[in-house]
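Coordinate inspection notes
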Amino acid sequence: ILRHSSGFSSTHEKVAAPPMVYIAGEEMTHYATQLLVEQWIKPYFDISKWETYDLSCKSRDESEDKVLSDAVEAGKRIGAIFKEPTITPSAIQVQEMGLKKAWGSPNGAMRRGWNGITISRDTIHIEGIELGYKNQVLFERHAVGGEYGAGWNEVGEGTLLTTYIPKDGGAPFVVDKRDLTDKHNVCVVYHNPYDNVRELAHLFFKRCLEHHVTPYIVTKKTVFKWQEGFWATMKKVFDESYKDDFLKAGLLDRSGGDLQHLISDAATMQLIRWTDGGFGMAAHNYDGKFGLLLCDMLTDQIAQVHRSPGFITSNLVGVSDDGSTLIKEFEASHGTVTDLWNDHLAGKETSLNPLGLVEALLGAMTHAAQLEADAKPKEKKVQEMKAFVDNYAKTLREALHNTFRYGQGTRDMCGPTGFTTEDFIAKVAWRLDR
Ligand code: NAD
């Protein structure tokens, strides 16, 4: 079933998987990913060139978080990253796990280290099975700036000045001055870096065309006036480079023949109403409204509309320091699935849907193969490896989807008669090697 273009099959010689960063996490998703790598990947690939970094709380604690900076460095060097979900420890978890401190979310370090442009979240579809959204839905979120990187402090009565000091030695000026009359205040300062919004726009519109969906730009610029620039840049890139293609493809019929702006309140409602799918939404990073919602809460809502958190991907796209290579990190949108992990530890049956994890793993493997093939266009063996990886990804997807189609999917899809975590993985392994 997994024929290599040079003629050898999975049962004979393993193909050397190109270098990739593998970030290991913990709990249920770590357990399930280890199982599926063992049964789905290792029979076909020699994965000794993968570099693994353990970002479990214990490992970050023991290494004083050096493991995180090592992982970011490796991602920069290699450009293709798979990440299992990780735990960002709460105060209670710090106590329970006996950690030295509450290590922060690893995401900020990754987005900075890889010059993050966008975080993409897409619905996963299985042909022949109706999930929540009938057609593809894409979400694009600017990967930097906003409240995520805010500076803040608690202060008393007085005056708060935010002063800009230009790098070129120009005269400083006050961006904001406010008098604080309460005795207790919390002050927050953040900014939105706009240099790479053009790249974000290009990535978003290209993806919308590729997936044949209608693009929308979401902001709260009616109230947050400073967001006008984000919309203006997106619209300019659209008009200059994409409008004609979208018109030709008939993709602007539902949006009045042009790129449409949606206020985040309206967008939040449409997410529930537009169950036909076929749209994409691009937003700021954390902006106190849609970007934040999209990342943390709306994703769970979208996941419920679309049946399960297992049917949504989450990818970070960044760029190398010299701008020459796209760095791509792939993960599932859900967390470590603590409740199923507790059931597993208690000896109960579990049923984890691994589709988001697998799409992430395949995304990282195919990107790694693409980077290697681009770097060595004349090496026949490398081109054959890339063809094998592409063929493998297609075949594994088919094996997975067929398993769902034959009613042997996980319980989030198939109800109580669905397969357990372990049985599902074993069934797909069997189907893959037939
Ligand atoms: P979660 O996404 O792990 O689980 C939420 C609910 O959805 C649970 O009931 C779970 O059983 C269900 N669920 C999620 N994915 C599923 C799947 N693939 N198949 C079947 N059911 C699935 O979110 P949570 O419980 O809020 O968080 C658990 C841990 O994950 C926390 O420690 C949190 O810090 C971490 N987290 C990590 C990331 C990340 O690394 N990207 C993202 C979110 C949460």
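Another point: unusual backbone geometry. The phi dihedral of E27 falls on the positive side, at around 60°, and the residue is not glycine. Structurally, the position occupied by E27 is in helix α1 (residues 27-41). Judged by its relative accessible area of 16%, E27 falls in the buried class. Positive phi outside glycine occurs at N115, with the angle close to 45°. Tracing the backbone shows N115 in the loop between α5 (107-113) and β6 (118-122).

The subject of this paragraph is the site of the ligand. Close to the ligand lie 16 residues, the nearest being T86, G335, V337, D339 and N353. H334 places a polar side-chain atom, nitrogen or oxygen, 3.3 Å from a nitrogen atom of the ligand. Within the backbone of G335, one N or O atom sits 2.7 Å away from an oxygen atom of the ligand. Bound to the protein, the ligand loses 67% of the 820 Å² it would expose on its own. Across the shell around the ligand, the residue classes tally to 5 nonpolar, 8 polar and 3 charged.

Among the structural elements, H334 can be located in the loop between β16 (326-332) and α10 (338-345). For H334, the residues in contact, after removing those within four places along its chain, are T29, P85, P309, G310, N353 and L357.

Another point: the pairing of strand β15 (residues 313-319). In terms of burial, β15 is largely enclosed, as 7 of its 7 residues are buried. Here β15 shows a buried face lined by T313, N315, V317 and V319 and a second buried face lined by S314, L316 and G318. Here β15 pairs with β16 via 7 bridges, running antiparallel. Paired with V319 across the bridge in β16 is L326. Adjacent in sequence and paired antiparallel, β15 and β16 are bridged by 6 residues, among which G323 carries a positive phi angle near 80°.

What the domain assignment lists for the protein chain is domain 1 (1-131 + 310-434), domain 2 (151-189) and domain 3 (193-306). Distance between the C-alpha centres of domain 1 and domain 2: 43 Å.

Our next topic: the side chain of T123. Structurally, the position occupied by T123 is in the loop between β6 and β7 (137-142). Ignoring any residue separated from it by four or fewer positions in sequence, one finds T123 in contact with Y133, N135, Q136, V137, H306, F311 and I312.

This next bit is on the packing of aromatic side chains. Taken as a whole and judged by the stated rule, the model has 18 aromatic pairs. Aromatic pair Y31 and W341: ring centres 6.1 Å apart, planes at 45°, arrangement tilted. Remark: W341 occurs in helix α10 and Y31 occurs in helix α1; sequence separation between them is 310 residues. Relative accessible area serves as the criterion here: at 22%, Y31 is assigned to the partly exposed category. Grouping aromatic residues by their ring pairs yields a cluster made of F204, F205, F238, Y242 and F246. The ring of W274 carries the charged tip of R254 above its face, separated from the ring centre by 4.7 Å. The ring centre of W430 lies 4.5 Å from the NZ or CZ of K427, which sits over that ring.

A separate point is the nonpolar core. Core analysis: the biggest nonpolar cluster contains 47 residues, and W40, I41, F45 and L361 have the highest contact counts within it. Broken down by secondary-structure element, the contributors of at least two residues to this core are β2 (20-24), α1, β5 (80-83), α11 (355-375), α12 (380-405) and α14 (421-432). When residues of this core are assigned to their parent elements, the largest contribution, 11 residues, is made by α11. Beyond its immediate chain neighbours, meaning those up to four positions away, F45 contacts K14, V15, A17, M365, F388, V389 and Y392.

This part takes up the pattern of salt bridges. A complete count under the given rule lists 26 salt bridges for this structure. Between E384 and K380 there is a salt bridge, with the nearest N and O atoms lying 3.2 Å from each other. Linking E384 with K380, this pair stays in helix α12, spanning 4 residues, or about one helical turn. In this structure E384 comes out as buried when scored by relative accessible area, which is 13%. We classify K380 as exposed; its relative accessible area is 63%. One salt-bridge network, in which partners are shared between bridges, spans K235, D239, K243 and D258.

Moving on, we come to the pairing of β16. On a regular strand, one side chain projects to one face of the sheet and the next to the other, so that they alternate. Of all 7 residues in β16, 5 are buried, a share of seventy percent or more. Relative to β16, β5 runs parallel, the two being bridged by 4 bridges. Within the sheet, the bridge partner assigned to A80 lies in β16 and is K328.

Put simply, helix α6 (residues 197-210) and helix α7 (residues 228-248) touch, their axes get as near as 9 Å, and they point 35° apart. Once α6 is placed against α7, the crossing between them reads as right-handed. The segment α6 lies against α7, with V197, R198, L200, A201, H202, F204, F205, K206, C208 and L209 engaging F230, T233, M234, V237, F238, E240, S241, Y242, D245 and F246. Classifying every residue of the contact of α6 with α7 by side-chain character gives 13 nonpolar, 3 polar and 4 charged.

Conventions we followed
- Residues numbered from 1 in each chain as written.
- Predicted model: local features only at pLDDT ≥ 70, side-chain atom pairs only at ≥ 80, totals over all residues.
- Heavy atoms only, no water.
- Helix = DSSP H or I, 4+ residues; strand = E, 2+ residues; numbered from the N terminus.
- Buried < 20%, exposed > 50% of the residue type's maximum accessible area, 1.4 Å probe, protein only.
- Near = heavy atom within 4 Å.
- Polar contact = N/O pair within 3.5 Å; in protein donor to acceptor, adjacent residues only side chain to side chain.
- Areas by Shrake-Rupley, 256 points an atom, 1.4 Å probe, with all protein chains shown as cover.
- Nonpolar A, V, L, I, M, F, W, Y, C, P; charged D, E, K, R; others polar.
- Contact = heavy atoms within 4.5 Å.
- Pairing = 2+ DSSP bridges.
- Domains from an automatic or database assignment.
- Phe/Tyr/Trp six-rings, centres within 6.5 Å; stacked < 30°, edge-to-face > 60°.
- Lys NZ or Arg CZ within 6 Å of the ring centre and 35° of its normal.
- Core = buried A, V, L, I, M, F, W, Y, C linked by side-chain atoms within 4.5 Å.
- Salt bridge = Lys/Arg side-chain N within 4 Å of Asp/Glu carboxyl O.
- Axes fitted to C-alpha atoms, helices over the stretch in contact; angles between N-to-C directions.
- Left-handed = near helix turned anticlockwise from the far one by under 90°.

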